[in-house]
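In case you want the letters, here they are:
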Number of protein chains: 2
Amino acid sequence: MPSMPIPITGSLYGIGVGPGDPELITLKALKRLQSSPVVAFPKGIQGKPGIAESIITPWLTDQQIRLPLTFPYVVDEQILSAAWQQAAEMVWAYLQTGDVVFACEGDVSFYGTFTYLAKSLQQQHSGVKIEVIAGVSSPMAAAAALGIPLTCQDQRLAILPALYSFNGIPASSTPASSIPASSTNELEAALGWADVIVLMKVSRVYRQVWKILAHYQLLDYSYVVANATQPHQVIYSNLQAHPDLKLPYFSLLIVGTKANDSSLNLKHHST
Amino acid sequence: MPSMPIPITGSLYGIGVGPGDPELITLKALKRLQSSPVVAFPKGIQGKPGIAESIITPWLTDQQIRLPLTFPYVVDEQILSAAWQQAAEMVWAYLQTGDVVFACEGDVSFYGTFTYLAKSLQQQHSGVKIEVIAGVSSPMAAAAALGIPLTCQDQRLAILPALYSFNGIPASSTPASSIPASSTNELEAALGWADVIVLMKVSRVYRQVWKILAHYQLLDYSYVVANATQPHQVIYSNLQAHPDLKLPYFSLLIVGTKANDSSLNLKHHST
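These notes cover the structure that comes with them. Since the structure is predicted, the reported quantities are computational estimates derived from the model, not experimental observations.

## Re the overall build of chain A
Item 1. Along chain A, the regular secondary structure elements total nine helices and 10 strands.
Item 2. By residue count, 57% of the 271 residues in chain A fall in the buried class.
Item 3. Of the roughly 11500 Å² of accessible surface on chain A, 54% is carried by carbon and sulfur atoms.

Listed below in structure tokens is the structure:
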């Protein structure tokens, strides 16, 4: 009796395509992108292309299948889980025909959407082959744009996913004004421990963060970078003058310390 | 009377060339590397090429001037400062003739040697033009190699420069066995605050770190990656079996948590 044929499926590659500047993609990611018959990416919102999509579009040929996947910007775990499962099913169907690349903005492993897609896919099909190619992440890109070192010597770095991290309160589903004062404890805990702090996606909590930085006299050593390395990148380096800022979703805040700033802040001309 | 001629000098570009895999250089860094008449990099030790040098060498032409710069592996600030000043003088001489690129392994802003070179150069010549191009850093590359997410959702990330961070004791000048038990307080403080911890350059303090991780029952959620993405990359994912390890200089340790591991650790096949 002939043995069962072993199904041949392609691999799923999660590739980090960098923070926004299309030239900040790595050669490795580009090679994988261009050799894959199917290219998936997070679908943009409000009819606009997403960041990863914008970065990769110039590199694709008409022969490559584009697979936009919907990941809703919500915190409801059931809605998210359903979206990831649906995306995983779509990817699985294409894996029967060959390799699939999923393009993430920034790095894949650093607060990346790919993690959830890969996890859902593995739950459905345990033998699926998945590989990851690292990319340039936004804190490093923001430091380069500012012309400052992110970390030097023996400095301890803390990175907080600000949008969700304020005592577990899902900021995206809460009006900024109603986030209680105690929700900023996370930042104060980090200030007690770290020499440099990065607050990811700071827009919704910026006003509260500003008050804490003012209290600790850290405004002079703090910087906001919105849409790092993208054409509409904006830098705020004089936060004393900005107790309130309307910031886009991809905004991060770097808090240095006096020691950091006076000894090693380059403040040089930046790209 | 004619005005004084304005001296025309080139720019210094600090470029991150990634953690080791030559294809993890970005297009932007490669373009800058190939268009620069002078290419500087940290000189290797013991007659071997350094990581950045190994990554860039295949991309250089015979027409480009190679400028190895010596940065001693010591903690004596006077010796370091003298080395940086000497390197800055060498770079300044070449800037009179055109652009100079300085290639760093990993990312430029993340514990990078470039910071000190740039600072020394600015102290000597305040008008010098300096630009930075971000690169892929080793924690993200290590996570990709392990096939795990570094951070997800609302996880707080702490990064410790382990070699120097144990209460200010310069581990590189101290036999590992003589580092006092209290010097590991930094790690315990981070464990109290963060969900995921990265210990950079962990080799000299590995044994002490292992004991702490064992005490907190975190060995099953911890991973060591030595020489991430380089040909001689080594991964240790079962640390229970490794209370002692002889690790190379570029070794890092990622500490996850039980929650992290059970909910989102992909443990998938890695590149």
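## So, the nonpolar core
Item 1. Membership of the largest hydrophobic core comes to 94 residues, with the highest contact counts inside it found for Phe114(A) and Phe114(B).
Item 2. For Phe114(A), the contacting residues outside a window of four places in its chain are Leu12(A), Tyr13(A), Gly14(A), Phe102(A), Cys104(A), Val108(A), Ile130(A), Glu131(A) and Val132(A).
Item 3. Membership of the second largest hydrophobic core comes to 52 residues, among which are Ala190(A), Tyr236(A), Ala194(B) and Val224(B).

## Considering the pairing of strand E6 (residues 157-160) of chain B
Item 1. The side-chain alternation of E6(B) yields two buried faces, one formed by Leu157(B) and Ile159(B) and the other by Ala158(B) and Leu160(B).
Item 2. With three bridges joining them, strand E6 (residues 157-160) of chain A and E6(B) adopt antiparallel strand pairing. From the neighbouring strand, Ala158(A) faces E6(B), where its bridge partner is Ala158(B).
Item 3. Summarising the sheet, E6(B) and strand E7 (residues 196-199) of chain B pair through four bridges and their orientation is parallel. Considered in E7(B), the bridge of Ile159(B) is made with Val198(B).

## Quick word on the relation of the copies chain B and chain A
Item 1. Between chain B and chain A, which share one sequence, the superposing operator has a rotation angle of 180° and an axial displacement of 0.0 Å; the RMSD is 0.0 Å. This pairing of chains is accounted for by a two-fold axis. When each C-alpha of chain B is compared by its distance to the rotation axis, Thr26(B) comes out closest, at 2.0 Å.
Item 2. Comparing interface residues between copies, 100% of those in chain B also sit at the interface in chain A, which points to an isologous, same-surface contact.

## Section: the interface of chain B and chain A
Frequently, the measure chosen for interface size is the accessible area removed from exposure when the parts meet.
Item 1. Each side of the interface is counted separately: chain B has 60 residues, and chain A has 60 residues.
Item 2. Overall, the association of chain B and chain A removes approximately 5500 Å² of surface from exposure, summing both partners, and the carbon and sulfur fraction of that is 62%.
Item 3. Across the contact surface, chain B and chain A share six salt bridges.
Item 4. Ionic pairing is found between Arg156(A) and Glu186(B), a salt bridge with its closest N-O pair at 3.0 Å.
Item 5. Along the contact surface separating chain B from chain A lie 24 residue pairs in polar contact (both at pLDDT 80 or more).

## Some thoughts on the sheet that holds E6(B)
Strand pairing in a sheet takes place through backbone hydrogen bonds and is either antiparallel or parallel in direction.
Item 1. Strand order in the open sheet made by the 10 strands is E9(A)-E8(A)-E10(A)-E7(A)-E6(A)-E6(B)-E7(B)-E10(B)-E8(B)-E9(B), with mixed pairing throughout. The open sheet has two edge strands with one neighbour each: strand E9 (234-236) of chain A together with strand E9 (234-236) of chain B. Across the sheet, the axes of successive neighbouring strands diverge by a mean angle of 15°, strand direction being ignored.
Item 2. The strands touched by helix H5 (residues 138-146) of chain A within the sheet are strand E7 (196-199), strand E8 (222-226), E9 and strand E10 (251-255) of chain A, with E10(A) carrying the most contacts at an inclination of about 70°.
Item 3. The strands touched by helix H5 (residues 138-146) of chain B are E7, strand E8 (222-226), E9 and strand E10 (251-255) of chain B; relative to E10(B), the strand with the most contacts, the crossing angle is about 70°.

## Details of the packing of helix H3 (residues 77-95) of chain B against helix H4 (residues 114-124) of chain B
In a pair of packed helices, the angle between the axes and the distance between the axes together describe the arrangement.
Residue and element names in this part refer to chain B.
Item 1. Put simply, H3 and H4 touch, their axes get as near as 8 Å, and they point 70° apart. By the criterion of interaxial angle, the relationship of H3 to H4 is roughly perpendicular. Read as a crossing pair, H3 and H4 show a hand that is right-handed. Within the contact between the two elements, H3 uses Trp84, Gln85, Ala87, Ala88, Glu89, Val91, Trp92 and Leu95 and H4 uses Tyr116, Leu117, Ser120, Leu121 and Gln124.
Item 2. The residue inventory of the contact of H3 with H4, partitioned by class, reads nine nonpolar, three polar and one charged.

## Points about helix H7 (residues 185-193) of chain A
In an α-helix, one turn spans 3.6 residues, which is why side chains three or four residues apart end up on the same side.
Item 1. Among the residues of H7(A), Glu186(A), Leu187(A), Ala190(A), Leu191(A) and Trp193(A) are the ones counted as buried. Burial along H7(A) is one-sided: seen end-on, the buried residues are contained in an arc of 165°.

## Some details on the side chain of Ser251(A)
Residues and elements named next belong to chain A.
Item 1. Summarising the element assignment, Ser251 is placed in strand E10.
Item 2. Residue classification places Ser251 among the buried positions, given a relative accessible area of 1%.
Item 3. Contact partners of Ser251, with chain neighbours within four places excluded, come to Leu199, Met200, Lys201, Val202, Val225 and Ala226.

## Some details on unusual backbone geometry
Item 1. The backbone phi angle of Gln217(A) is positive, close to 55°, even though this residue is not glycine.
Item 2. Locating Gln217(A) in the fold gives a position in the loop between helix H8 (206-215) and E8.
Item 3. A positive phi angle is found at Gln153(B), which is not glycine, with a value near 45°.
Item 4. Mapped onto the secondary structure, Gln153(B) falls in the loop between H5 and E6.
Item 5. Residue class for Gln153(B) comes out partly exposed when judged on its relative accessible area of 39%.

## What to know about the packing of aromatic side chains
Residues and elements named next belong to chain A.
Item 1. Across all of its chains, the model carries 11 aromatic pairs over all chains by this definition.
Item 2. Ring centres of Phe71 and Phe102 lie 6.0 Å apart, and the angle between their planes is 85°; on these two criteria the pair is classed as edge-to-face. Here the residue Phe71 occupies a position in the loop between strand E3 (65-69) and helix H3 (77-95), and Phe102 occupies one in strand E4 (residues 100-104), the gap between them amounting to 31 residues. Taken as a pair, Phe71 and Phe102 share a single burial class, namely buried.
Item 3. Aromatic side chains Phe110 and Tyr111 sit 4.8 Å apart centroid to centroid with 65° between the ring planes, which places their arrangement in the edge-to-face category. As far as the burial class goes, Phe110 and Tyr111 line up, both buried.
Item 4. Taken together, the aromatic side chains of Phe71, Phe102 and Phe114 make up a single cluster linked through ring pairs.

Reading the values: the criteria
- Residues numbered from 1 in each chain as written.
- Chains lettered and ligands numbered in written order.
- Predicted model: local features only at pLDDT ≥ 70, side-chain atom pairs only at ≥ 80, totals over all residues.
- Heavy atoms only, no water.
- Helix = DSSP H or I, 4+ residues; strand = E, 2+ residues; numbered from the N terminus.
- Buried < 20%, exposed > 50% of the residue type's maximum accessible area, 1.4 Å probe, protein only.
- Areas by Shrake-Rupley, 256 points an atom, 1.4 Å probe, with all protein chains shown as cover.
- Core = buried A, V, L, I, M, F, W, Y, C linked by side-chain atoms within 4.5 Å.
- Contact = heavy atoms within 4.5 Å.
- Pairing = 2+ DSSP bridges.
- Least-squares fit on C-alpha atoms with pLDDT ≥ 70 in both.
- Buried area = accessible area lost by both parts, 1.4 Å probe.
- Salt bridge = Lys/Arg side-chain N within 4 Å of Asp/Glu carboxyl O.
- Polar contact = N/O pair within 3.5 Å; in protein donor to acceptor, adjacent residues only side chain to side chain.
- Axes fitted to C-alpha atoms, helices over the stretch in contact; angles between N-to-C directions.
- Parallel < 35°, antiparallel > 145°, perpendicular 65-115°, else oblique.
- Left-handed = near helix turned anticlockwise from the far one by under 90°.
- Nonpolar A, V, L, I, M, F, W, Y, C, P; charged D, E, K, R; others polar.
- Arc of directions from axis to C-beta.
- Phe/Tyr/Trp six-rings, centres within 6.5 Å; stacked < 30°, edge-to-face > 60°.

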